[in-house]
Structures are given as structure tokens and as C-alpha cells.
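These are the residues of each chain, in order.
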Amino acid sequence: MIVVNQIGYKLDAQKIAYVFNSKAVEKDFCIKDKSGNSVFTGRLSEPVEDDANKIPVCRADFSGFSQKGEFQLCTADSASVFFKIEDGVFEDFYFSTLNYFYLSRCGQEIQDGAFSHPACHTSPAKVYGTGSTKNVLGGWHDAGDYGRYVVAGTKTIMDLLLAYEAAPSYKEFDILDEVRFELEWLLQMQRDDGAVFHKISCWHFCAFINPQDEKDEIVLAPVSTAATADFAGCLGFAYKFFKDSDSEFAEKLLCAARKAQDYLDFHDDELYTNPCEITTGGYGDWNVKDERYFALCALFDVTGEKKYLKAALKIRKIQKELPLNPEEPWKRPWGEMFGWGCVAGYGTEILLKNQSVKSDKKIYDELKKSIIERADSLCKNAAESSFGSCIKKYFWGCNGHMADEAHLLLLAYDLTGKKDYYSAAKMQFDYLCGCNQLDFCFITGFGANSPKNPHHRPSGATGKVMPGMLVGGPSEGLHDHVAKEYLQGKAPACCYIDMQGSYSTNEVAIYWNSPFVYLASRVAIS
């Protein structure tokens, strides 16, 4: 079998395909055009086999071929699907990954073909634990459900703003307008004292119905440190993107961010767990020091006030010196990461781009070193992986995590100019678009083989698949009944099934799409 990026390749881009389960003795490959003419030849690499895939795989590097057209990669006994090589090959694809956010808007009439619907979830929300209600409109539906979660939304905004920054010439979709829609919702989630409600949803998940048909009572969950700190960091960071076009709105963001930080300064950590009556997504976090760090970094960057930098670096130093508990190795005290549950990477990236920090060699070098060390580890993983994946464990949401890790690789590339980091990031993009053992493009609506049955309520209710959504991907833990029934004994990287009931492998989420958008903005659009 031969697998390729099913969307295609840009003319001068790195182009790698993967060959496996081949019985051919010859180690040559060729590129054929639509007429069957051989237009390029190359030699396969030596096979690589990893624990996640459990098969030997050869790489076919045809980066030297830059002819525009539609082609097929062939060996003596196999042929890939046809793929395109052209500079505009990702335009429609990129638009759909962004338009997914518009289609996920809550509280507003949507006009877009099969996914058109009147305004949904417009009734006042009950404030949990009180007798009061609050009007909260807007925000994006989070994932396969219709909840709206602060820690998910803020991480998503960060990725989209960075994507906007990476490809400022892209004008087919108004990223800032989309981000503003989420920011307007976030402002409503702040309490008068500065704290931020963790989420807003119904008490329980609904059936696979359209958003306007979910009529159950809406509830505002209690405040949390994670939500409040992410809110402060995100709104502080967003300030600079709006200060020139709408200074009044930008000041509103900064004022709210400061207010949230003031609350954090005088309150101990408030860790979130769902009250027993609420069963929608919890998004709990055992350690919120990285959220506090992110908030302080963003506020230092936008205000220049050294008190924020001093507090951020103090948190960083304390956390990095904490020992790892061998009985709970997943509870790392610190990590330069970009997931909703660990946002330290955003804070560090902000500092590394700050001119004041750049002028302080000691601080800058330590921050840079931490990124490069992780990037080197990820590059090593990619080199040792059958399909160039930089992750070794395949868990719930690993596709989004892979895109987050590519973010770190791209940051390392920006800091050093070392092409190996960019190359490894591009491999993650290719993997998600089809260069995997499943020969599967994990983005709905694109590629020769893509999800047809995502765990996504609007898609289930309409009977049509919303395009441009990245599904969660393989999860070796087999967390749902469908996975348990169909995926027992599979290699970790093959523990995926395209069935609606498999929420642990086939759900979608705004915070998985957003790092993929950022990755695409860097390797496919800019």
C-alpha cells in the first residue's frame, strides 16, 4: 500500500509518501501522470517500524518533483490514490477548516445550506448554586455537543490569532471577525468580581438533534481558576489584534483581562469538577499554575508592567523544580505545551517574541532552551516513527495533540531557522491528511478517504457531514463501547473507527481544529 497527503502538495514543498505491505523486491518508485507516463523516479528509504504501527514502512521522498498537475505514486506492485501538486491546492480545504467555526456559532441565525438554523440557546441561564439567572449569548459549540467551555474557547482563540498572524494576506475568511464573536461571548462569562464561569451548557448531553431543538434548561457552572486565568491571558493577547481597528473594544478586552488577574492575585486555586447534577464535559485540571503563568505573560507583553513578568517567572521556576511523581507520571509539574489543559507554551511563546525579554539574555536563553529541548525530542520521535508521527502514545484527541506538537516544532524553527523542525511539522500535517497506516484523511469532506460518520450532532441530525472538521483520531485506550467492540487487538495507531458512536476516536472539537488551522497556515497557506 502507498499513502500520500490526499489533499495534495504545494509545488516547492516537502513531498513524502509512505509504502508498506509491499512484496516487491525492487526499492524504486515513480510518479505517473494521469496518462500513465512516468515523470519522476526515486528510491525508497530503508524501512522503519515502530511500536504504534507494528509494520515496516518505507518513505518515498519526491520533494525534487515540482510539476503542476495530478499524479499517482507507484511501485512495482502498488499505487497511491491520485493527488494534486499545485500552489493553490489547499485553498478550499483551509477555508472549510475555518468556516467550521462560523457554522458552530451559538445564539445566532446561521445561513449556510444544510447547516442553516435559527438562533439557538437564547434563554437565560441558571447560575448554579444561586436563585439567579444570567443572559449569555454567543460562543462556539464546543465539540460534538452544544456546550460552550471557557478553557476550550480561549485555547482556540489563541491558535486562530496566531494563524491570522502567520498568514496575514489570507482574506477568504475573516478570522478576526470570527474570533471577535467568541470574545464577545467570553466577556459575558465574567462575574462582577472578575472571576469567570467555567462553562455554560444544559445539565446533560442531548440526543443527536439540531442546535435549535435543544430546549433544556441552560446552566452556568461555577467559576474556576483555569477559566479565569485562560480568560485573562487570551483577552490580554487579543488586545493588540484589535487596538488599531477598534480601540474601544480592545480596551474593553484589556480591562476585563486585568480584572480577571486581580481576582487571581487574591484567590487560591479553585479547581473545577462538575457538580453531581451536571454531566456535560468537565474540562477539569489538576494543576492550574500553567494557566496563571500564561495570563501573566500575556499581560506583561501588552502592558510592559514588570510585576507580571516577575510573577510569571517565579511560577515557572517553582514548577520546573518540582520532582515528577513516579506513581503519577502523567502529572508533569511543567511542560511547554499548547493543549487546553496545559497552556504554558502560549506564555513562553509570548515571552520569546517580546522585545524586552529578547534583550535579557539570561531569561531569553532559558526560555529558548526549553523549547528546543522539546523540539529535539519530537524530531527524534518523528525520525523513529513509521509514518513520521512525533507522538508515541495514541490517546483520546491525539490528532489535535499532534497539531499542538507541530506548533512547538514551528516555534523552534522560528527561533533557530533549523529546517528539521519545519520538516517534522510538515510531516504531522501530511499524517493528518492521509499519510498514516489507515490511509485516511482525518478532516471531514476532503481526501479520497475521510470521516463519514463523525460524533457531531449537527452532522448526525442533518444526515450530512459538516466539512472541515478534524476528528480526534486513534485512541488505544478504547474508551467507548464502539471502540471496545471493534478495535480490540489493533495496533495503537490503528485504534480508530469511523462510527458516530465512537466519541473517543471520531468526535470533533474546536480546540482540535484550531491547532490544525495554525499548522495549515504555516505549511500550506503562508
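Please read these numbers as outputs of a predicted model, since none were measured by experiment.

1. Quick word on the packing of aromatic side chains
Inference 1: One pass over the full model with this rule turns up 34 aromatic pairs.
Inference 2: Where phenylalanine 29 meets phenylalanine 40, the ring centres are 6.4 Å apart and the plane angle is 40°; that geometry is what we call tilted. In this pair, phenylalanine 29 is assigned in strand E3 (residues 28–33) and phenylalanine 40 in strand E4 (residues 38–43), connecting sequence segments eleven residues apart.
Inference 3: The exposure class assigned to phenylalanine 29 is buried, which follows from its relative accessible area of 3%.
Inference 4: Ring centres 4.8 Å apart and planes at 50° place the aromatic pair tyrosine 149 and tyrosine 283 in the tilted group. Of this pair, tyrosine 149 sits in strand E10 (residues 148–149) while tyrosine 283 is found in the loop between helix H5 (247–265) and helix H6 (289–303), placing the two residues 134 residues apart along the sequence.
Inference 5: You can call tyrosine 149 buried: its relative accessible area is 2%.
Inference 6: Members of the aromatic cluster, connected to one another through ring pairs, are Phe90, Phe93, Phe429, Phe446 and Phe516.

2. Here's the deal with the pattern of salt bridges
Inference 1: Evaluated as defined, the whole model comprises 28 salt bridges.
Inference 2: Residue arginine 180 is joined to aspartate 246 by a salt bridge in which the shortest nitrogen-to-oxygen separation is 2.9 Å. Highlighted residues: arginine 180 in helix H3 (residues 175–188) and aspartate 246 in the loop between helix H4 (225–242) and H5, separated in sequence by 66 residues.
Inference 3: Classification of arginine 180 as partly exposed rests on a relative accessible area of 25%.
Inference 4: Here glutamate 305 ties to lysine 307 by a salt bridge, and the two come within 3.7 Å at their closest N and O atoms.
Inference 5: Through salt bridges with shared partners, a single ionic network connects Glu165, Lys240, Glu349 and Lys353.

3. Some details on the pairing of strand E2 (residues 16–20)
Inference 1: Buried residues dominate E2, accounting for five of its five residues.
Inference 2: The alternating pattern of E2 places Ile16, Tyr18 and Phe20 and Ala17 and Val19 on opposite faces, both of which are buried.
Inference 3: Of the strand pairs in this sheet, strand E1 (residues 2–3) and E2 are connected by two bridges, and their pairing is antiparallel. If you follow isoleucine 2 over to E2, its bridge partner there is valine 19.
Inference 4: Sheet analysis places E2 next to strand E5 (residues 57–61), joined by five bridges and oriented antiparallel. Its bridge partner being in E5, phenylalanine 20 is matched across the sheet by valine 57.

4. Some thoughts on the state of the cysteines
Inference 1: By the definition in use, this model includes zero disulfides.
Inference 2: There is no disulfide at cysteine 297, and the cysteine sulfur nearest it, in cysteine 342, is 12 Å away.
Inference 3: The thiol of cysteine 435 is not disulfide-bonded; the next cysteine sulfur, from cysteine 433, is found 8.3 Å away.
Inference 4: Residue cysteine 435 is classed as buried on the basis of its relative accessible area, which comes to 0%.

5. Observations regarding the sheet that holds E10
Inference 1: The five strands are arranged E9-E8-E12-E11-E10 in an open sheet whose pairing can be described as mixed. Each of the sheet's edge strands pairs with one partner strand only, and the pair in question is strand E9 (133–134) and E10.
Inference 2: With two bridges connecting them, strand E8 (residues 125–127) and strand E12 (residues 218–220) associate as parallel partners. The residue bridging lysine 126 from the neighbouring strand is valine 219, located in E12.

What counts, and where the lines are drawn
- Residues numbered from 1 in each chain as written.
- Predicted model: local features only at pLDDT ≥ 70, side-chain atom pairs only at ≥ 80, totals over all residues.
- Heavy atoms only, no water.
- Phe/Tyr/Trp six-rings, centres within 6.5 Å; stacked < 30°, edge-to-face > 60°.
- Helix = DSSP H or I, 4+ residues; strand = E, 2+ residues; numbered from the N terminus.
- Buried < 20%, exposed > 50% of the residue type's maximum accessible area, 1.4 Å probe, protein only.
- Salt bridge = Lys/Arg side-chain N within 4 Å of Asp/Glu carboxyl O.
- Pairing = 2+ DSSP bridges.
- Disulfide = S-S within 2.5 Å.

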